[in-house]
Amino acid sequence: MSDLQVDYSHRELLESHPVAEPLIAGGIRCHGGFDEAGAYVSPRTKNRWPAIHAWQQQRTQQFGTPLLDIALDTWPGAYPNVAQAKYLLRERVAEPVIARLTQIGTVEGFGSMIRYSPIPELQRCFVEDVRGTATWHLGGGLYEAHARDEAGYKGEGGHKQMWFAARDIAFEHPLTEDQTQVMMDRLFGYGGAAGSGASVDPLFPDVDQSLELLIQSMARLLLIEISAYHVFAWAEEVLADTDLVAGDGEASRLVSYIRTDEAPHVEYLKTTLSEMRDRTFVAESGSHIPGSEVVGQIWDRARAESIGTRHEANVRIVRGEIEHALESCARGKDILAEFDAFAA
C-alpha cells in the first residue's frame, strides 16, 4: 500500500491529458479532445483516474468491503423508450425528443453548483484517519473537476453545451432563444423539476448537519449519475438513426463522449460514500455511530426517492411535453395511443 499515491493537489486533479485535436461540437470548442489514434480523451483525467483507482485500492486493503453500488437493471428504463421516441420522429413529432435533450442539457448545467457545497472540517467528524482519501479531496479538486465537466469552464464547453450541440446537430437548430425559454418554463412547470422533492430532514440530528447534507447530496447525485446511463443509451441509439435525425451520427457520438466523461464522477462518488460507510462517525455529543448506519440509511432513502418519486416526476414532465406537442395535431389521439402501445 505504501507505493500508492493517495495525496493529490488541486492542480493535479484538474490536469488534462494533451490532445492531438480538440473537440468542436456544433462550432463550440468543448473540453476533451482526441489522441493521435482518433480516440476521445476525457478532460481532467490525467491524474483523476489514477487517484480514484488508488483510493479504491487503499480502501479495499484497509476495510475489505465491497464498493457501494447498485445494479443498473434495478432502475426503470428511459422514458420515452427508444421505440417510442423513434415512433414520434417517424410521425414528425420531434418536439418531445428536442425537449428531452434540452432538459438534460439544462440539468447538466446545474452541475456547476456542486463546487459551492459546504464541506465541514472532515477529520473531526470521523474516528479513523480520512487523509489521503477521496473524501479528503472533495474540496481539493474533485468537486471543481465535476463542476467544470458538467457546465464547462471559461472558453470551453462542457456537458451542457455538448447536449445542446447534439440536439442542434440532430434537429438542425430547432429552437430560437425565445422558444427555448418558453420550453424551459413549460418543462419545469409540470409539478416541478425532476430533481425536486429531495429529502432534507435529518436522519441523524447528532451528526454534523453540514456533513449529513453533504452525504445526502452525494447519494442523490450518484444515483442520478448511475441512472443517467439509461439516458445515454437511449440518446445514443435514437440519435444514431440517420433515417430519423440529421448529422450522420455526430450527435450520437457526442453523447458517447459525455458518457465517457461521467464515469469518473460515478467512481469518485461511490468511493467517497464507501469510505464514509466504512468509518466511524463522531457525533456532536461525542458519541460514535457506525458509518454503515449513517450512510446506509441515507443511501436507502435516496434510492427509494430515485426510483420512486424522482422517476415519477420526470415521467410527468416528459409526458406533459408529449401531450403538449400533440394538442394541435389532427391525429394526436391516435398517435398517443400508438405511442403508448410501444411502452413494452
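Residues numbered from 1 in each chain as written. Predicted model: local features only at pLDDT ≥ 70, side-chain atom pairs only at ≥ 80, totals over all residues. Heavy atoms only, no water.

Caption draft 1: Representation of the overall build of the chain in the model. Within the chain, the secondary structure is distributed over eleven helices and five strands. Radius of gyration (C-alpha) of the chain: 21 Å, near the 20 Å computed for a compact globule of 344 residues. On the principal axes, the C-alpha backbone points of the chain span a range of 70 × 45 × 35 Å. Residue burial in the chain is summarised as follows: out of 344 residues, 51% are buried. Counted over contacts in the chain with a minimum sequence separation of 6, partners at least 24 positions apart contribute 78%. Accessible area of the chain: about 15,200 Å², with a carbon and sulfur share of 52%. (Helix = DSSP H or I, 4+ residues; strand = E, 2+ residues; numbered from the N terminus. Rg over C-alpha atoms; globule rule 2.2 N^0.38 Å. Buried < 20%, exposed > 50% of the residue type's maximum accessible area, 1.4 Å probe, protein only. Contact = heavy atoms within 4.5 Å. Areas by Shrake-Rupley, 256 points an atom, 1.4 Å probe, with all protein chains shown as cover.)

Caption draft 2: Looking closely at the nonpolar core. By size, the foremost hydrophobic cluster in this structure holds 44 residues, and its most contacted members are Trp 55, Leu 211, Met 276 and Phe 281. Here this core takes eight residues from helix 8 (residues 209–239), the largest share from any one element. Not counting the four nearest positions on each side in its chain, Trp 55 is found in contact with Val 6, Tyr 8, Leu 13, Gly 132, Thr 133, Ala 134, His 137, Leu 142, Thr 271 and Glu 275. With 36 residues, the next largest nonpolar core counts Leu 89, Ile 98, Met 162 and Ala 235 among its residues. (Core = buried A, V, L, I, M, F, W, Y, C linked by side-chain atoms within 4.5 Å.)

Caption draft 3: Spotlight on the packing of aromatic side chains. Counted according to the given criterion, the structure contains ten aromatic pairs. Taken together, the aromatic side chains of Phe 34, Tyr 40 and Tyr 257 make up a single cluster linked through ring pairs. One Lys or Arg, Arg 148, reaches over the ring of Tyr 153 and ends 3.5 Å from the middle of that ring. (Phe/Tyr/Trp six-rings, centres within 6.5 Å; stacked < 30°, edge-to-face > 60°. Lys NZ or Arg CZ within 6 Å of the ring centre and 35° of its normal.)

Caption draft 4: Local environment of the pairing of strand 2 (residues 28–34). Counting buried residues in strand 2 gives five out of seven residues, a clear majority hidden from the surface. Between strand 1 (residues 21–25) and the antiparallel strand that follows it, strand 2, lie two residues; Gly 26 among them carries a positive phi value of about 60 degrees. Note: strand 2 against strand 3 (residues 40–41), two bridges, orientation antiparallel. For Phe 34, the partnering residue across the bridge sits in strand 3 and is Tyr 40. As consecutive antiparallel partners, strand 2 and strand 3 are separated by five residues, and within that stretch Gly 38 has a phi angle of approximately 90 degrees, a positive value. (Pairing = 2+ DSSP bridges.)

Caption draft 5: Fine view of helix 4 (residues 95–109). When the terminal C-alpha atoms of helix 4 are compared, their 21 Å separation across 15 residues agrees well with the 21 Å that a helix rising 1.5 Å per residue should span. With respect to burial, helix 4 is a largely interior element, 13 of its 15 residues being buried. (Expected span 1.5 Å × (residues − 1).)

Caption draft 6: Looking closely at unusual backbone geometry. Between Tyr 79 and Pro 80 the backbone carries a cis peptide bond, its omega angle lying at -5 degrees. Checked against the element boundaries, Pro 80 lands in the loop between helix 2 (48–63) and helix 3 (82–90). Positioned with a positive phi, Arg 92 is a non-glycine residue whose angle comes to about 60 degrees. Relative to the helices and strands, Arg 92 resides in the loop between helix 3 and helix 4.

Caption draft 7: Structural view of the environment of Val 41. Here Val 41 is to be found in strand 3. Relative accessible area serves as the criterion here: at 13%, Val 41 is assigned to the buried category. Through-space distance from the C-alpha of Val 41 to that of Val 295 is 33 Å; in sequence the pair is 254 residues apart. Each residue touching Val 41, except ones within four places of it in the same chain, is listed here: His 17, Val 19, Gly 32, Gly 33, Phe 34 and Asp 35.

Caption draft 8: Main features of the pairing of strand 1. Both strand 1 and strand 2 contribute to a ladder of five bridges, which runs antiparallel. By the bridge assignment, Ala 25 is partnered in strand 2 with Ile 28.

Everything listed is a geometric property; what it means functionally is a separate question.
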